[in-house]
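# Topology and contacts: notes
Listed below, chain by chain, are the residues.
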Amino acid sequence: MARAPVLAAGGIVLRSGETPLIAVVRLRKRNEWVLPKGKLDDGETPRGAARREVVEETGHEVSVHEFLGTLVYESGGRSKAVHYWRMETNGEQLYKLMDDVKAVEWLPLDAAVERLSRAYERVFLANVGPLALEVAAPARFARQPEARQPVHGTKMQFVEADAAAPAADPESENNDRARTGRSRRRNLVQKMRDWLRRAA
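This report concerns the structure included in the present document.

What counts and what doesn't
Residues numbered from 1 in each chain as written. Predicted model: local features only at pLDDT ≥ 70, side-chain atom pairs only at ≥ 80, totals over all residues. Heavy atoms only, no water. Helix = DSSP H or I, 4+ residues; strand = E, 2+ residues; numbered from the N terminus. Areas by Shrake-Rupley, 256 points an atom, 1.4 Å probe, with all protein chains shown as cover. Expected span 1.5 Å × (residues − 1). Buried < 20%, exposed > 50% of the residue type's maximum accessible area, 1.4 Å probe, protein only. Pairing = 2+ DSSP bridges. Core = buried A, V, L, I, M, F, W, Y, C linked by side-chain atoms within 4.5 Å. Contact = heavy atoms within 4.5 Å.

## Re the overall build of the protein
The helix and strand tally for the protein stands at five helices and seven strands. Shown N-terminal to C-terminal, the secondary structure of the protein runs as helices and strands in the order β-β-β-β-α-β-β-β-α-α-α-α. Of the roughly 11500 Å² that the protein leaves accessible, carbon and sulfur atoms contribute 52%.

Okay, structure coming up:
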């Protein structure tokens, strides 16, 4: 009889800044670089476990946002299913890292993918990382309306269009920005559905 999979949860954790950075942690036992995650405690929800594990492994307080997907792989002769959420942190490290973790690093997406020791985590982050950055970008722009620098690739098109356009009335500009944000969120949801359908 097949054993039930081990259930775990974690986060793709973004640290705010002109270039958003993603957390990767170094395990003490195997000296591997991995995404922050851990097993569920008895009675714990996956989302609650994801937040707890990320706080313990990175030492940062985080806010938990969209569910990004589930990574399933073999570990110690059993299947392990890890549910991941997009998370954000703005502050400095507040807590001591748990004993299992040797270090935490904050890297741009491409560098974070390269740093990961396990191929399946590299593939997962390469797929969901751009989606996490894309959905986080409008929120960062909303919090800093005076910032006109692009957060990452696709945002540049909107910034250049704004700069080239004649001065518009602020109310109309806000409506356009809200419509653009809604359209990008719909596109992101469709991309997530397509990706999850392919991964199933």
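## Some details on helix α1 (residues 46–58)
Along an α-helix, residues three or four positions apart point the same way, because every turn accommodates 3.6 residues. With 13 residues, α1 should reach 18 Å at 1.5 Å per residue; the first-to-last C-alpha distance of 18 Å fits that figure. By the burial criterion, the buried members of α1 are A49, A50, R52, E53, V54, V55, E57 and T58.

## Re unusual backbone geometry
In this structure, N31 is a non-glycine residue whose phi angle is positive, near 65°. Looking at the element boundaries, N31 is found in the loop between β2 (21–27) and β3 (33–34). On the accessibility criterion, N31 (34% relative accessible area) is partly exposed.

## A few points about the pairing of strand β6 (residues 78–89)
Extensive coverage of β6 is indicated by the burial of 10 of its 12 residues. In terms of strand pairing, strand β1 (residues 6–15) meets β6 through 10 bridges, oriented parallel. Bridged to G10 within β6 is Y84. Across 10 bridges, strand β5 (residues 63–75) lies against β6 in antiparallel orientation. Across the sheet, Y73 pairs through a bridge with K80, a residue of β6.

## Concerning the nonpolar core
One finds I12, I22, L35, Y84, F124 and L125 to be the most contacted residues of the largest nonpolar core, which totals 23 residues. Leaving out residues up to four positions away in the same chain, Y84 has contacts with G10, G11, I12, L35, P36, K37, F67, L68, G69, L71, E121 and F124. Among the nonpolar cores identified, the runner-up in size contains 19 residues, and A23, A50, V101 and V104 belong to it.

## Thoughts on the side chain of E53
Within the fold, E53 resides in helix α1. Every residue in contact with E53, bar those within four places of it in the chain, is listed here: A9, K37, G38, K39 and M98.

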